[in-house]
Every structure is written in C-alpha cells, then in structure tokens.
Amino acid sequence: MLTTEKLQKEILRLKKERDVCILAHAYQTQDILEVADYTGDSFGLSQQAAKATQKTVLMCGVRFMAETVKILSPDKTVILSHPDAGCPMAEQLDLDFLGALKEQYPDSAVVAYINTTASLKTQCDVCVTSSSALRIIRAMPQKDILFVPDCNLGQWVADQVPEKTFHFFHGGCPVHIRLSAQDVAAARAAHPDAKLLVHPECRKEVSSLADYVGSTTGIMAHAKESDAKSFIIGTENSILQHLQFECPDKAFYPLSKACICQNMRLTTLIDVYRCLLGQGGEEISLDEETRLGAKRCIDAMLAFG
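The numbering scheme is per chain: residues are counted from 1 as the chain's sequence reads. In view of the model being predicted, local features appear only for residues whose pLDDT reaches at least 70, and side-chain atom pairs are presented and counted only at 80 or more, with totals across whole chains, interfaces and linings using the full set of residues. Side-chain metrics in this entry use all non-hydrogen atoms of the structure; hydrogen atoms and water are not considered.

### Some thoughts on the overall build of the protein
Assigned secondary structure in the protein consists of 15 helices and 13 strands. Radius of gyration (C-alpha) of the protein: 19 Å, near the 19 Å computed for a compact globule of 305 residues. Taking the principal axes of the C-alpha coordinates as reference, the protein spans close to 60 × 55 × 30 Å. Charge counting follows a simple rule: Lys and Arg are positive, Asp and Glu are negative, and His as well as the terminal groups are ignored. All charge positions are set by atom: Lys at NZ, Arg at CZ, Asp at CG, Glu at CD. Taken together, the 31 basic and 38 acidic charged side chains of the protein have centroids lying 5 Å from each other. What counts as a helix is a DSSP run of H or I of at least four residues, what counts as a strand is a run of E of at least two, and both are numbered from the N terminus. When we talk radius of gyration, it's over C-alpha atoms, and the globule rule is simply 2.2 Å times the number of residues to the 0.38.

### So, the nonpolar core
Within soluble globular proteins, side chains that are nonpolar generally end up buried alongside one another. Nine residue types can take part in a nonpolar core, namely buried Ala, Val, Leu, Ile, Met, Phe, Trp, Tyr and Cys, and a core is a set of them joined through side-chain atoms within 4.5 Å. Each residue is assigned to one of three classes by its accessible area relative to the maximum for its type, calculated with a 1.4 Å probe on protein chains only: buried under 20%, partly exposed between the two thresholds, exposed over 50%. Core analysis: the biggest nonpolar cluster contains 89 residues, and Phe147, Val148, Val157, Ile233 and Leu255 have the highest contact counts within it. Whether two residues are in contact is decided by their heavy atoms, any of which lying within 4.5 Å being enough. Other than its neighbours up to four places away in sequence, Leu255 contacts Leu179, Asp183, Val184, Ala187, Leu196, Val198, Val206, Ile232, Ile233 and Gly234.

### Focus on the side chain of His82
Its location among the elements puts His82 in the loop between β4 (77–80) and α5 (95–104). When its relative accessible area of 17% is taken as the criterion, His82 is described as buried. Dropping the residues within four chain positions of it, His82 is found in contact with Leu266, Thr267 and Asp271.

### Side note on the sheet that holds strand β10 (residues 212–213)
For two strands to count as paired, DSSP must find a minimum of two bridges between them. With respect to topology, four strands assemble into an open sheet ordered β10-β9-β11-β12, the strand pairing being parallel. The sheet is open, and its two borders are formed by β10 and β12 (251–254), each paired with just one other strand. Bridge analysis of strand β9 (residues 195–198) against strand β11 (residues 230–234) gives four bridges, and the strand direction is parallel. Counterpart to Leu197 in the pairing with β11 is Ile233.

### Remarks on the environment of Leu80
By the secondary structure assignment, Leu80 is in strand β4. Owing to a relative accessible area of 0%, Leu80 belongs among the buried residues under this scheme. The spatial distance from the C-alpha of Leu80 to the C-alpha of Ala66 is 5.9 Å, given a sequence separation of 14 residues. Ignoring sequence-local partners within four residues, the contact set of Leu80 consists of Leu58, Met59, Gly61, Val62, Arg63, Ala66, Ala85, Gly281, Glu282 and Ile284.

The following block contains the structure:
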C-alpha cells in the first residue's frame with residue numbers, strides 16, 4: 001500500500017526523470033505543495049513556468065491557469081492535473097455576452113480579471129490579477145472601465161479609484177461570495193483578538209470589515225510578517241493549512257467552514273502521480289490566433305509593470 005511519504009518520493013523521482021515542472025496553486029492541499037517546483041497565485045505560476053528549463057509543465061490548479069501557462073509557454077507541453085477542474089467564475093461570461101456589454105459601454109476600456117478563459121481575454125484590453133488590479137487601473141489613461149467578470153474585486157478597486165467610472169458584469173467567485181458579514185461577526189466573537197484577512201473576491205460587506213484585503217499570496221505574506229498571533233482567514237480554507245505549517249507559533253481560523261473550492265480539491269496526490277506516468281490529466285492546446293489574442297491582453301498588463 002502506498003503512503004503519502006512513499007508517493008511523494010516517487011513523484012519527486014518521476015518529475016526529475018521525465019523533466020517535468022510541477023506548479024501548484026496555493027489552493028491545492030499541503031501534500032501537493034510539498035512536491036511542487038513552484039507554488040503561488042495563478043499568474044505568478046505561469047511566469048515561473050516560462051522561466052523553467054523543463055519542457056513539460058504540470059499545472060495543479062484549474063483550467064484557466066493551465067491556459068495561461070500555455071499562452072506564455074507555447075513551445076512547452078502543458079498538462080492540467082484533472083480534466084474536470086474548471087473555474088465557475090471564468091466560465092460565467094462568454095464572448096457573446098461580452099460583446100453585448102462592449103456595445104452597451106462603447107467608450108470603456110475592458111479590464112479582464114486573470115480568472116477568465118483564454119478566448120475571453122482575446123476581446124479585452126488589459127488583464128489584471130487581484131494583486132495588480134488597483135495599481136494598473138489607476139495607471140490606465142482611460143476614465144471609463146468595464147471590469148469583468150468579478151464585480152466584487154471590481155467594486156473593491158472602484159471604491160479606491162473614485163475618479164474613474166466603473167461598469168460591471170455581475171459575476172464572481174461562488175466560493176468567496178458565500179462569505180457574509182454574519183460570518184465575520186461570528187468569527188470575531190469566537191476569536192476577538194484575531195486579525196481578519198480576506199480576499200478582494202469577497203463581497204463588500206466582508207472586505208469593508210477586514211484588517212487586510214489582498215491576494216492569496218498577499219494574505220499569506222501578511223500573516224507571516226505580522227506581529228499578531230492569531231488570524232481569521234477569509235479565502236479558500238486550504239490556506240489555513242499552509243499557514244499552520246509555515247507559522248506553527250500562530251493560530252489560524254476559517255471565516256467559514258464552507259469556503260472550499262471543489263474544483264481545486266479535485267486534484268489529489270494520486271492524480272499528480274498518474275500524470276507523471278502519462279496516465280492522467282489533460283494536455284492543453286490553444287490555436288495560435290487565440291493564444292496571441294490572449295497574450296496581447298496579458299502583455300498590456302505587463303506593460304504597466
């Protein structure tokens with residue numbers, strides 16, 4: 001019978017033998033992060049993949065993340081660890097609906113959250129991440145912004161950039177949108193000394209009550225660097241586990257036990273093993289027109305630094 005330790009050792013052997021770079025999004029479980037070459041947020045992982053010497057990249061995350069890796073590394077073989085691992089937010093808005101929004105707001109620059117499909121990015125002006133959205137939108141010369149698809153992240157930015165006019169598609173992350181002000185009240189009552197750290201994909205009623213709002217890696221960095229000793233975490237609950245491993249002297253509590261991304265949880269350590277054996281996962285392919293169109297959107301983001 002395989003144990004976690006035996007399986008991890010075999011994965012480490014296979015990835016070296018078969019020249020595979022393993023990427024693990026921060027919402028993956030701890031046992032997967034421990035065998036990855038790089039961990040972090042989605043766009044940061046795609047940049048690491050582009051720098052990696054390996055010719056094959058295994059993305060332990062969801063489909064749009066694997067697409068982004070392929071956009072930046074067209075000559076590499078890109079494998080998604082589980083074929084069914086999608087992102088409901090990325091799939092909420094299609095090209096027809098985006099076209100209708102662009103007709104409704106013809107003078108607006110279209111800003112796409114990184115959590116979108118490659119095909120949708122082809123019809124947007126600039127891409128942003130949760131950590132770069134505020135900085136990039138402030139730097140953009142356009143005064144009218146159509147932000148898609150997450151209206152919660154968009155509203156968080158809009159509240160800090162009052163000099164611009166924002167229009168939204170009312171989509172968002174079905175995991176973060178579950179978090180409520182009632183959850184905040186209950187968590188603070190249970191842990192009155194804890195700092196509340198939340199993701200900007202949360203609704204305004206939650207983010208407005210937080211001690212810190214930021215990306216997944218931002219939340220983790222803040223918790224590690226803070227002098228505080230206890231934290232309530234308002235993002236996918238796997239982050240609590242990672243922080244417990246990295247900061248065993250601190251206490252971490254979930255804002256809600258329901259904050260679990262089922263798509264991220266589809267990938268298991270056995271899936272990673274099977275991918276390395278060539279028996280699982282899905283190879284990601286993009287036609288060159290789509291890849292270049294989506295890359296233009298990402299290049300515009302990089303141009304803003």
